[in-house]
Amino acid sequence: MKSPFDLQDALFIGFCATLLVVLKSMLRLKLGLSGHSMFLMTFFYLICYGVVNRVGAMTACGLLAGLVAMMLSVGKGGPMILLKFGLPAMAMDLALLFMAGAFSLRWRTIVLALIGCLAWAGKGLISNLLVGMSSQVALAEFGLSFIQGGAFAVAAALLIPTVLRRLHAHDLLPKKPD
Amino acid sequence: MLVNGRKASKMAVFRISATQYCALALLLSLVLSSGAFFLPNSALGWLILVDALLVIHGVYLKNKISALLRLGVAQLALTLPLYYLIHGEGQMLEGVIVVLRVFLALLPGWWLSATQKPERIGEVLSWGLPAKWAFVIAASIGLLPYMLQETKEIYAIQCLRGANITPKALRNPKNWPELIYCVVLPVLIQLLKLSKQMATAAKLRHFGCVSKPTHWPAKREEE
């Protein structure tokens, strides 16, 4: 399999994924609120997208984060965690295919964040339905987690344009963020 | 020494290696996790029995299960009131079963991470990964202590500078953007520089120029 990223991009994605996993495991102890994991996830995925500037960067970051989390045995561990990190990233990348260059960077990141959050909450909904939870209760939990996660995800998305602009000011990005 | 080595190799014929054992454990936890979702209610008792064995194994190896139990209780506290509000008292038992299934789905993962070494899981995963991504994962995990050290130093320096990012100040969500600009942004800059340096170093050693990359032998810890 030939991967389209050059080594430097791949390494940056890997570092971001590792940092995401570690920060997530450290923050989890302090806060009791569900949905705050969407903040870090959205932030690092969108940073990867902004820095590498390619479709597929977010999926790579998500899958790597899942693998690293599995290896470091962070969180509840186990094979399910791959899905947990990978699914929102894949949804965001898929959405990016349809709206590349459609909005300004700020709105693009917000829409992407909401889509990622939808995938995240949707995964919870599907697993709850599979388990046999009644559909009303599952929908109520879905709505709750979407609202909580969405607030965190949008907060992260709002930070992205500024961070990218500052990275560009340090001459670290190949292309100016629009 | 030589006799010992021969003995070990003879034993290895009859015994599966640590890596194969880890692959089996990974498969088992995958099967048990999906079993929690798809098995009918009548078969749930057997699943509980198997998972109880896993818990005994994990606790026997001196691992803590309290975090997982706390998660289960939190899930119960969220789901049961919702069931009560929407369906009334009659279906509370169903809610308990749902939470039990979620808990049973998480248990094999806990057992896997409690009993298997991370590097063995990594070896199993690298069977299916391309060489470049395996290198990336190995590099990120290997550099993790360095990254954490760097992050801690930046945090300490920014605290000395008077940024509002002490644990007490972070209770106020108003200070969270400051954490991003003071700590995460410098860390990102460091990571970008680090990845550039590592890529240059690896390329100078002809990384990716040969189709079959060589590996440092990883069998040293197998007795």
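Residues numbered from 1 in each chain as written. Chains lettered and ligands numbered in written order. Predicted model: local features only at pLDDT ≥ 70, side-chain atom pairs only at ≥ 80, totals over all residues. Heavy atoms only, no water.

**Focus: the overall build of chain B**
Counting its secondary structure elements, chain B contains nine helices and zero strands. The secondary structure elements of chain B, listed N-terminal to C-terminal, are α-α-α-α-α-α-α-α-α. In chain B, which comprises 223 residues, the proportion classed as buried is 35%. For chain B, restricting intrachain contacts to residue pairs at least 6 apart in sequence, the fraction spanning at least 24 positions comes to 71%. Carbon and sulfur atoms make up 68% of the accessible area of chain B, which totals about 14300 Å². (Helix = DSSP H or I, 4+ residues; strand = E, 2+ residues; numbered from the N terminus. Buried < 20%, exposed > 50% of the residue type's maximum accessible area, 1.4 Å probe, protein only. Contact = heavy atoms within 4.5 Å. Areas by Shrake-Rupley, 256 points an atom, 1.4 Å probe, with all protein chains shown as cover.)

**Considering the UniProt feature "transmembrane region" (unreviewed entry) in chain A**
All names here are of chain A. UniProt marks residues 7-27, 81-103, 110-130 and 142-164 with the feature "transmembrane region" (unreviewed entry), using the numbering shown here. For residues 110-130, the helix share is 100%, the strand share is 0%, and the end-to-end C-alpha distance is 30 Å. Spanning residues 142-164, this segment combines 100% helix with 0% strand, and its end C-alpha atoms are found 32 Å apart. (UniProt positions renumbered as here; feature names shortened; annotations may be inferred.)

**What about the packing of aromatic side chains?**
Tallied over the full model, the rule gives two aromatic pairs over all chains. For the ring pair F142(A) and F146(A), a centre distance of 6.4 Å and an interplane angle of 15 degrees mean the geometry is stacked. Taken together, the residues F142(A) and F146(A), both in helix 6 (residues 135-169) and four residues apart, mark about one turn of the helix. The ring of Y181(B) has R166(A) sitting right over it, with the charged end atom 4.4 Å from the ring centre. (Phe/Tyr/Trp six-rings, centres within 6.5 Å; stacked < 30°, edge-to-face > 60°. Lys NZ or Arg CZ within 6 Å of the ring centre and 35° of its normal.)

**A look at the interface of chain B and chain A**
With 63 residues of chain B at the interface, the matching set in chain A holds 52 residues. Regarding the contact of chain B and chain A, the summed buried area is about 5400 Å², with carbon and sulfur atoms giving 83% of it. Three residues stand out in chain B for area buried against chain A, namely F37(B), W133(B) and L192(B), and they jointly supply 13% of the buried area on that side. The tally of links from chain B across to chain A stands at zero salt bridges. At the surface where chain B touches chain A, the tally comes to two residue pairs in polar contact (both at pLDDT 80 or more). Secondary structure elements with two or more residues in the side of chain B that touches chain A: helix 2 (18-38), helix 4 (66-87), helix 5 (92-115), helix 6 (118-126), helix 7 (131-142), helix 8 (144-161) and helix 9 (176-204) of chain B. (Buried area = accessible area lost by both parts, 1.4 Å probe. Salt bridge = Lys/Arg side-chain N within 4 Å of Asp/Glu carboxyl O. Polar contact = N/O pair within 3.5 Å; in protein donor to acceptor, adjacent residues only side chain to side chain.)

**Description of the confidence of the model for chain B**
Residues and elements named next belong to chain B. For chain B, per-residue confidence averages 78 on the pLDDT scale, and residues scoring 70 or more make up 86% of the total. Ranking the elements of chain B by mean pLDDT puts helix 1 (residues 2-14) last with 47 and helix 8 first with 89. Counting contacts from residues 1-13, a segment whose pLDDT is below 50, to residues more than four positions away or on other chains yields zero contacts. Scored as a whole, the predicted complex attains pTM 0.77, and scored at its interfaces, ipTM 0.80. (pLDDT = per-residue confidence, 0-100.)

**So, the environment of L125(A)**
Residues and elements named next belong to chain A. Summarising the element assignment, L125 is placed in helix 5 (residues 105-131). Distance from L125 to T162, taken between C-alpha atoms, is 34 Å for residues 37 residues apart in sequence. Contact partners of L125, with chain neighbours within four places excluded, come to A138, L139 and F142.

**Quick notes on a nonpolar patch on the surface**
All names here are of chain A. Where nonpolar side chains cluster on the molecular surface, the patch consists of V55, L94, L97 and F98 and spans about 460 Å² of accessible area. Looking at the element boundaries, V55 is found in the loop between helix 2 (37-52) and helix 3 (57-72). What makes V55 partly exposed here is its relative accessible area of 44%. (Patch = residues over 30% accessible without salt bridge, like charges linked within 9 Å, V, L, I, M, F, W, Y side chains within 5 Å.)

**A short note on the UniProt feature "transmembrane region" (unreviewed entry) in chain B**
Residue and element names in this part refer to chain B. In the numbering used here, UniProt assigns the "transmembrane region" (unreviewed entry) feature to residues 43-61, 68-86, 92-112 and 124-148. End C-alpha atoms of residues 43-61 are separated by 28 Å, and the span's content is 89% helix alongside 0% strand. Strand forms 0% of residues 68-86 and helix 100%; the C-alpha atoms that close the span are 27 Å apart.

**Looking at the packing of helix 2 of chain A against helix 5 of chain A**
A pair of packed helices can be characterised by two numbers: the angle between their axes and the separation between those axes. All names here are of chain A. It is the contact of helix 2 with helix 5, at a shortest axis distance of 10 Å, that shows an interaxial angle of 130 degrees. With respect to helix 5, the axis of helix 2 lies oblique. When you trace helix 2 past helix 5, the crossing you get is right-handed. For the pair helix 2 and helix 5, contact is made by S37, M38, M41, T42, L46 and Y49 and by R108, T109, L112, A113, G116, C117 and W120, respectively. (Axes fitted to C-alpha atoms, helices over the stretch in contact; angles between N-to-C directions. Parallel < 35°, antiparallel > 145°, perpendicular 65-115°, else oblique. Left-handed = near helix turned anticlockwise from the far one by under 90°.)

**Things to note about helix 6 of chain A**
Residues and elements named next belong to chain A. Helix length check: helix 6, at 35 residues, gives a terminal C-alpha distance of 50 Å against a target of 51 Å (1.5 Å per residue), a fit within 8%. Where helix 6 bends most, at I160, the angle is about 30 degrees, and the proline P161 comes one to four residues later. Just beyond helix 6, the residue with positive phi is D171, at close to 65 degrees. (Expected span 1.5 Å × (residues − 1). Bend = angle between axes of the 7 residues up to and from the residue.)

**Some remarks on the packing of helix 7 of chain B against helix 8 of chain B**
All names here are of chain B. The contact between helix 7 and helix 8 brings their axes to 4 Å, and the two run at 45 degrees. Classed by the angle they form, the pair helix 7 and helix 8 counts as oblique. Touching S140, I141 and G142 of helix 7 are L144, P145 and M147, all from helix 8.

**Details of the nonpolar core**
Core analysis: the largest hydrophobic core is formed by 116 residues, its most contacted members being F43(A) and L167(A). The residues that make up this core include at least three from each of domain 1 (1-116) and domain 2 (131-223) of chain B. Aside from chain neighbours lying at most four places away, what touches L167(A) is V51(A), L172(A), L173(A), L185(B), I189(B) and L192(B). (Core = buried A, V, L, I, M, F, W, Y, C linked by side-chain atoms within 4.5 Å. Domains from an automatic or database assignment.)

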